[in-house]
Amino acid sequence: MALAELQALERDYAIPTYARNPVEFVRGSGCTLWDADGNEYLDFLAGISVLNVGHCHPRIVEVVREQVARLTHVTNLYYTEPAMRLSARLSESSLGGKVFLCNSGAEANEAAIKLVRRARPRGDIVVLQDGFHGRTYGALSATPQESKQAPFAPLVPGFVVVPKDPAALDAAVDERTAAVLIEPIQGETGIHILSEELLAAARDACDRTGAALVFDEIQTGMGRTGTLWAYEQTGVVPDALTSAKALGGGLPIGALVTGTRLADVLRPGDHGSTFAGGPLISSAALAALEICADAELLARVRVLGERFAAGLAALPYATAVRGRGLMLAIDLAPGVSAPDVARRALLEQRLVVNATGPGTIRFEPPLVVSEAEVDGALARLQKLCP
Ligand code: PLP
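Residues numbered from 1 in each chain as written. Predicted model: local features only at pLDDT ≥ 70, side-chain atom pairs only at ≥ 80, totals over all residues. Heavy atoms only, no water.

> Help me understand the site of the ligand, please; the structure alone is not making it clear to me.
Looking at the ligand, there are 13 residues lining it, with Gly105, Ala106, Asp216, Gln219 and Lys245 nearest. One of the side-chain nitrogen or oxygen atoms of Glu188 is found 3.4 Å away from an oxygen atom of the ligand. When isolated, the ligand has an accessible area of 390 Å², and the protein chains bury 81% of it. Ranked by the residues each element gives to the shell around the ligand, the list is headed by helix α5 (residues 105–119), at 3 residues. (Near = heavy atom within 4 Å. Polar contact = N/O pair within 3.5 Å; in protein donor to acceptor, adjacent residues only side chain to side chain. Areas by Shrake-Rupley, 256 points an atom, 1.4 Å probe, with all protein chains shown as cover. Helix = DSSP H or I, 4+ residues; strand = E, 2+ residues; numbered from the N terminus.)

> Sorry, what's going on with the domain arrangement of the chain here?
When the parts come together, some accessible area is lost, and that loss is often what is quoted as the size of the interface. Taken domain by domain, the chain consists of domain 1 (3–56 + 295–382) and domain 2 (71–292). Measuring from the centre of the C-alpha atoms in domain 1 to the corresponding centre in domain 2 gives 26 Å. Across the contact, 26 residues belong to domain 1 and 26 residues belong to domain 2. Taken together, the links from domain 1 to domain 2 amount to 1 salt bridge. Remark: the boundary between domain 1 and domain 2 carries 14 residue pairs in polar contact (both at pLDDT 80 or more). Looking at the side of domain 1 that touches domain 2, the elements that each hand over two or more residues are α2 (46–49), α11 (295–313), β13 (318–324), β14 (327–332) and β17 (360–363). Among the elements that take part in the side of domain 1 that touches domain 2, α11 stands out by supplying 4 residues, more than any other. For the side of domain 1 that touches domain 2, the class distribution of residues is 15 nonpolar, 6 polar and 5 charged. (Domains from an automatic or database assignment. Contact = heavy atoms within 4.5 Å. Salt bridge = Lys/Arg side-chain N within 4 Å of Asp/Glu carboxyl O. Nonpolar A, V, L, I, M, F, W, Y, C, P; charged D, E, K, R; others polar.)

> Just to check I follow, could you spell out helix α3 (residues 58–68) for this structure?
Every α-helix winds through 3.6 residues per turn, so residues three or four apart in the chain are directed the same way. All of the buried residues in α3 are Ile60, Val63, Val64 and Gln67. Down the axis of α3, the buried side of the element spans an arc of 95°, and every buried residue falls inside it. Exposed residues pointing more than 90 degrees away from the buried face of α3 are listed as Pro58 and Arg65. At its buried positions, α3 is contacted by α4 (81–92) and α10 (279–292). (Buried < 20%, exposed > 50% of the residue type's maximum accessible area, 1.4 Å probe, protein only. Arc of directions from axis to C-beta.)

> What's the story with the packing of α3 against α10 in this structure? I'm lost.
The relative placement of two packed helices is expressed as an angle between their axes plus a distance between the axes. Packing of α3 against α10 brings their axes to within 9 Å, and their N-to-C directions diverge by 160°. In terms of their interaxial angle, α3 and α10 are classed as roughly antiparallel. α3 and α10 meet at a crossing whose hand is right-handed. For the pair formed by α3 and α10, the contact residues are Arg59, Ile60, Val63, Val64, Gln67 and Val68 on the first element and Pro279, Leu280, Ser283, Ala284, Ala287, Ala288 and Ile291 on the second. The residue inventory of the contact of α3 with α10, partitioned by class, reads 10 nonpolar, 2 polar and 1 charged. (Axes fitted to C-alpha atoms, helices over the stretch in contact; angles between N-to-C directions. Parallel < 35°, antiparallel > 145°, perpendicular 65-115°, else oblique. Left-handed = near helix turned anticlockwise from the far one by under 90°.)

> Help me understand the packing of aromatic side chains, please; the structure alone is not making it clear to me.
Ring pairs (aromatic) are described by centroid distance and by the angle formed between their planes. What the rule picks out here adds up to 3 aromatic pairs. Between the aromatic rings of Phe25 and Tyr41, the centroid separation amounts to 5.0 Å while the plane-to-plane angle is 90°, which identifies the pairing as edge-to-face. Separated by 16 residues along the polypeptide, Phe25 in strand β1 (residues 25–29) and Tyr41 in strand β3 (residues 40–43) bring together distant segments of the chain. Note on Phe25: relative accessible area 33%, which makes it partly exposed. With 5.2 Å between their ring centres and 70° between their planes, Phe44 and Phe308 make a pair best called edge-to-face. Of the two residues, Phe44 is situated in the loop between β3 and α2 and Phe308 in helix α11; the sequence distance between them amounts to 264 residues. You'll find Phe44 and Phe308 in the same group, each marked buried. Members of the aromatic cluster, joined through ring pairs, are Phe44, Phe308 and Phe363. Directly above the aromatic system of Phe159 lies the positively charged group of Arg117, at a separation of 5.7 Å from the ring centroid. (Phe/Tyr/Trp six-rings, centres within 6.5 Å; stacked < 30°, edge-to-face > 60°. Lys NZ or Arg CZ within 6 Å of the ring centre and 35° of its normal.)

Take a look at the structure:
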């Protein structure tokens, strides 16, 4: 089907919540995407940090093929091995408590919100300015962005927004606080690393009051920053974390992982989801977790991240480079439009990147990216000099 026909279908039948780029992708492998005309693109967005293992990783393809032909769904009224093995692996790889599987990032945060409110009934949830936690009502209420929240008021009550300042955070947390919910690196609003002081203040405030510290690792997790979870590089261990995006190796899944303190707060009947932890997606996630936890891969993410960041800093139109591992962003010189640069990268250079705002471009390539692909992306970005 030609692109114009797809656009006509979209115009007539798709609720217009997305501003799509005029490209139809039909195939992917590793860091490469192909459009319907056979043109090859270098993917430095990975479906917004979903394809950390790369497109159509052979191990994911093999596992999904095998599982889809055997058993796809039975609901959580019964046992299946992949869900239990995935829960164990997620717990062992992080906080050592228990896991609730779900279907997306927003749902993982919804589960976290229910967990912390169950632990401290009617408690407030403290969130940070510039945070992003998803589009469902609880997650949206934790996402203090006027343009996203205002049209959908009234929101869920009990969310307290604080600036990214240790003293302000400390002052906002008391014995009525159920949780502090934060991204260790804020992704959607432009890759902002939270300072060690801020994270330490969050940990201290939660320890002082008994509130739960919850890290949203939906974008930062699964090796994106050079360790399996971003908290490993911060010196702060949260009481729970949420994961999604790359966890499914390209298929939809989310997870809430607790430490031991919060492991048994939710009880039978408190929460649930029909599709959650189905054997097909859980098999894929187990394989993705194995790939992303590989020490060699993680070391390469750190090395290639530094190489890429150095190259980005040398771009004449970049005024700042931020990020960790392969979660990077550049700010553009005044007057240079990030949406324009991202669009030209796609259409002129066949490089897939994304603008997180008017002056910031985000880069999140698959973690299997090669040195040559990093250099290739930099060469394409050089050619975009305005
Ligand atoms: N939390 C963070 C940090 C995210 O980056 C996102 C998505 O971009 C979400 C939550 C929401 O995830 P989903 O789109 O899977 O609901």
